[in-house]
Amino acid sequence: MPKPSLKTLLADLEADDLREVVVELCRLNAQNRTFVELFLGGSDAVDTQAVLDAFTTRLRTCFLARTGSPKNRPNLAEARRLVTEHERLAADFPALAAEASLVYVEAVADYADALRARYRYLQQSTVDAAVRMAERFVRAVLDRPALADRFEARFLALARLDPRMGRLVAAYRHRDVARLDAPASGDDETYRVEYDRRPVPDDDGW
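Residues numbered from 1 in each chain as written. Predicted model: local features only at pLDDT ≥ 70, side-chain atom pairs only at ≥ 80, totals over all residues. Heavy atoms only, no water.

## Considering the overall build of the chain
Okay, step 1: In terms of helices and strands, the chain carries nine helices and zero strands.
Okay, step 2: Counting contacts in the chain only where the partners sit at least 6 residues apart, residues at least 24 apart contribute 66% of the total. (Helix = DSSP H or I, 4+ residues; strand = E, 2+ residues; numbered from the N terminus. Contact = heavy atoms within 4.5 Å.)

## Here we look at the packing of helix α4 (residues 48-60) against helix α5 (residues 76-89)
Okay, step 1: For the pair α4 and α5, interaxial distance at closest approach is 10 Å and the crossing angle is 165 degrees. Classed by the angle they form, the pair α4 and α5 counts as roughly antiparallel. For α4 against α5, the interelement crossing comes out right-handed. Residues V51, L52, F55, R58 and L59 of α4 lie in contact with α5, whose contacting residues are A79, R81, L82, V83, E85, H86 and L89.
Okay, step 2: Of the residues that constitute the contact of α4 with α5, the class distribution is eight nonpolar, one polar and three charged. (Axes fitted to C-alpha atoms, helices over the stretch in contact; angles between N-to-C directions. Parallel < 35°, antiparallel > 145°, perpendicular 65-115°, else oblique. Left-handed = near helix turned anticlockwise from the far one by under 90°. Nonpolar A, V, L, I, M, F, W, Y, C, P; charged D, E, K, R; others polar.)

## Some remarks on the packing of aromatic side chains
Okay, step 1: According to the stated counting rule, one finds six aromatic pairs in the structure shown.
Okay, step 2: Centroid distance F137 to F155: 5.5 Å. Interplanar angle 35 degrees. Geometry classified as tilted. Of this pair, F137 sits in helix α7 (residues 124-142) while F155 sits in helix α8 (residues 145-156), and the two are 18 residues apart along the sequence. The burial state of F137 is the same as that of F155; both residues are buried.
Okay, step 3: Considering the side-chain rings of F155 and Y172, the 5.0 Å spacing of their centres and the 20 degrees angle between planes classify their relative orientation as stacked. With a gap of 17 residues between them, F155 in helix α8 and Y172 in helix α9 (residues 165-174) connect regions that are remote in the sequence. (Phe/Tyr/Trp six-rings, centres within 6.5 Å; stacked < 30°, edge-to-face > 60°. Buried < 20%, exposed > 50% of the residue type's maximum accessible area, 1.4 Å probe, protein only.)

## Quick look at the confidence of the model for the chain
Detailed reading of the predicted model is not advised wherever pLDDT is low.
Okay, step 1: On average, residues of the chain score 81 in pLDDT, and 69% of them are at 70 or above.
Okay, step 2: By mean pLDDT, the top-scoring element of the chain is α7 (96), and the lowest-scoring one is helix α2 (residues 15-28) (58).
Okay, step 3: Every residue in residues 187-206 scores below 50 in pLDDT, and together they form 40 contacts with partners more than four places removed in sequence or on other chains. (pLDDT = per-residue confidence, 0-100.)

## A closer look at the packing of α5 against helix α6 (residues 94-117)
Helix-helix packing: each pair is described by the crossing angle between the helix axes and the interaxial distance.
Okay, step 1: Look at α5 against α6: their axes get within 8 Å of each other, and the N-to-C directions meet at 165 degrees. Relative to α6, the element α5 is oriented roughly antiparallel. Note on packing geometry: the crossing formed by α5 with α6 is right-handed. In contact with L76, A79, R80, V83, H86 and E87 of α5, α6 contributes L96, A97, A100, S101 and Y104.
Okay, step 2: Classifying every residue of the contact of α5 with α6 by side-chain character gives seven nonpolar, two polar and two charged.

## Some details on unusual backbone geometry
Okay, step 1: With a phi close to 60 degrees, Y119 is a non-glycine residue in the positive phi region.
Okay, step 2: With a phi angle near 50 degrees, R175 is a residue other than glycine that sits in the positive phi range.

## What about the nonpolar core?
Okay, step 1: With 53 residues, the main nonpolar core has L59, F63, Y104 and F155 as its most contacted residues.
Okay, step 2: The element best represented in this core is α6, accounting for 16 residues.
Okay, step 3: With near-sequence residues (within four places) excluded, F63 lies in contact with S69, P70, K71, P74, L76, A79, Y104, A107, V108, Y111 and T126. (Core = buried A, V, L, I, M, F, W, Y, C linked by side-chain atoms within 4.5 Å.)

## A closer look at the environment of R81
Okay, step 1: In this fold, R81 is placed in helix α5.
Okay, step 2: The sequence separation of R81 and L59 amounts to 22 residues, and the corresponding C-alpha distance is 9.4 Å.

## A look at the pattern of salt bridges
Okay, step 1: Counted by the stated rule, this structure contains 17 salt bridges.
Okay, step 2: A salt bridge links R81 to E85; the nearest nitrogen and oxygen atoms lie 3.2 Å apart. Separated by four residues within a single helix, R81 and E85 lie in helix α5, roughly one turn from each other.
Okay, step 3: Assessed through its relative accessible area of 37%, R81 is described here as partly exposed.
Okay, step 4: When the shortest N-O distance is used, the salt bridge between D149 and R175 registers 2.7 Å. Within this pair, whereas D149 is found in helix α8, its partner R175 is found in the segment after α9, the two being separated by 26 residues in sequence.
Okay, step 5: Exposure remark for R175: the relative accessible area of 28% places this residue in the partly exposed category.
Okay, step 6: One network of salt bridges, with partners in common, ties together R58, E78, R81 and E85. (Salt bridge = Lys/Arg side-chain N within 4 Å of Asp/Glu carboxyl O.)

This is the structure in structure tokens:
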């Protein structure tokens, strides 16, 4: 006999039992509580800026120590997991969700600056991951003109990160997602966007 799905099990619960399950899940994990509060009460119940600030702090520790010095090996897998988790948490809040990938790229840019200040080089895998995340961000906001306008200055400031960012900046400036799907124009644009590929142990988290 096939095992019943979680949805089926929940459907069989009485209302009071279901509420108790939700409360217990919220006690187990702060993210669960935030998700439920956002789902039920929206921004009136949750300080969305505090949610973003907490996410930003956690993500930046994947690249930088508390002192601001760059880590020898950034934790790309954990950084990407945090972005995905935040996007799911804020699924009903497009601006809050989209900002996660922008914060990621900004963290990499700061990490690169910290490396250069110490005469060290940014790992290619870290650059590639940031370019992929930058494209993720551009795709998320181009369908929403208000968001594109809101984040434009911050995104354009990241153009220096890598020559491949020029293609993303052009798409952003022109609000034209089709530019992202155009064939690569040179050897510097050979990466592929792979949002959901599982990381393997030897690929630095991607």
